[in-house]
Amino acid sequence: MSDTAVLGGGCFWCVEAVLRGMRGILSLTPGYAGGDTEAPTYKQVCSGQTGHAEVVEVEFDPEIISYKDLLKIFFTLHDPTTLNRQGNDIGTQYRSVIFYKDENQKKTAEAVKTEIEKENIWGTPLVTIIAPLTTFWPAEKMHHDYYEQNPGTGYCAAVIAPKVAKMRKIFAARYAL
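If you're wondering where the values come from, they're calculated on a predicted model, not measured in any experiment. (Residues numbered from 1 in each chain as written. Predicted model: local features only at pLDDT ≥ 70, side-chain atom pairs only at ≥ 80, totals over all residues. Heavy atoms only, no water.)

**Comments concerning the overall build of the chain**
The secondary structure content of the chain amounts to six helices and eight strands. Compactness check: the chain gives a C-alpha radius of gyration of 15 Å against a globular reference of 16 Å for 177 residues, within 12% of the reference. For the C-alpha atoms alone, the extent of the chain along its principal axes is close to 35 × 35 × 35 Å. The proportion of buried residues among the 177 residues of the chain is 44%. (Helix = DSSP H or I, 4+ residues; strand = E, 2+ residues; numbered from the N terminus. Rg over C-alpha atoms; globule rule 2.2 N^0.38 Å. Buried < 20%, exposed > 50% of the residue type's maximum accessible area, 1.4 Å probe, protein only.)

**Considering the pattern of salt bridges**
One pass over the full model with this rule turns up seven salt bridges. Of the charged contacts in the structure, one is a salt bridge between Lys101 and Asp3, with a shortest N-O distance of 2.3 Å. Highlighted residues: Lys101 in the loop between β6 (96-100) and α4 (103-119) and Asp3 in strand β1 (residues 3-9), separated in sequence by 98 residues. Note on Asp3: relative accessible area 21%, which makes it partly exposed. Lys72 is paired through a salt bridge with Glu115; the nearest N and O atoms lie 3.1 Å apart. Within this pair, whereas Lys72 is found in helix α3 (residues 67-77), its partner Glu115 is found in helix α4, the two being separated by 43 residues in sequence. (Salt bridge = Lys/Arg side-chain N within 4 Å of Asp/Glu carboxyl O.)

**Considerations on the pairing of strand β3 (residues 53-60)**
With six of eight residues buried, β3 is to be regarded as a mostly interior element. Pairing between β1 and β3: five bridges, direction antiparallel. Within β3, the residue paired with Ala5 across the bridge is Val58. (Pairing = 2+ DSSP bridges.)

**Let's talk about the environment of Ser2**
With respect to the secondary-structure elements, Ser2 resides in the segment before β1. Taking relative accessible area as the criterion, Ser2 reaches 35% and is therefore assigned partly exposed. For the pair Ser2 and Leu26, spaced 24 residues apart in sequence, the C-alpha separation works out to 8.1 Å. In this structure the side chain of Ser2 is engaged in a polar contact, spanning 2.9 Å, whose partner is the side chain of Glu59. (Polar contact = N/O pair within 3.5 Å; in protein donor to acceptor, adjacent residues only side chain to side chain.)

**A word on the UniProt feature "active site" (unreviewed entry) in the chain**
When the UniProt feature table is mapped to this numbering, "active site" (unreviewed entry) covers Cys11. Counting through the fold element by element, Cys11 comes out in the loop between β1 and α1 (12-19). Residue class for Cys11 comes out buried when judged on its relative accessible area of 6%. Apart from residues lying up to four places away in sequence, Cys11 is in contact with Glu54, Asp89, Tyr94 and Tyr155. (UniProt positions renumbered as here; feature names shortened; annotations may be inferred. Contact = heavy atoms within 4.5 Å.)

**Some remarks on the packing of aromatic side chains**
A full pass over the atoms with the stated rule returns seven aromatic pairs. Here Phe12 and Tyr32 contribute two aromatic rings whose centre-to-centre distance is 5.7 Å and whose plane-to-plane angle is 45°, an arrangement assigned as tilted. Here Tyr32 lies in strand β2 (residues 25-33) and Phe12 lies in helix α1, a separation of 20 residues in the sequence. Comparing Phe12 with Tyr32, the two get one shared label, buried. The structure contains a cluster of three or more aromatic residues connected by ring pairs, namely Phe12, Trp13, Tyr32, Tyr42, Tyr146 and Tyr155. (Phe/Tyr/Trp six-rings, centres within 6.5 Å; stacked < 30°, edge-to-face > 60°.)

Printed below as a string of structure tokens:
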């Protein structure tokens, strides 16, 4: 039996690339959530006018990776202290956000966020939004597996590759061989 989580930690290419290959992750779908425009396009979302965040819908096996553990990884893979920004990506579409689908996910997300804040890992307060999921819109096909299909592009080489390497080192035991 699988479950899903919808997470926004800046650029969806980064979030997808970091989680790919992790034990218990069954599928990853980049997309958009949290906005008002029906079936938004990448260009529309990048304009900052739709209210959507770039997110990844994560289908996972809770017998292998719990929702709680997935959220702890999420809080490590991006900077949850910068409002509407990840590195040079600036705008509400890059906000740190957890979209929950039910009360259990909401409570778990709130508890993990509180735990991370109490541990003061980041040294400043977290700005991650915890909000109900209304609609998830899959991104255009060109954004699926973007890093794997375009490893030599500037953004992938300069931003995504180091992040993937760092996360694979930190969570080595979680990646499939």
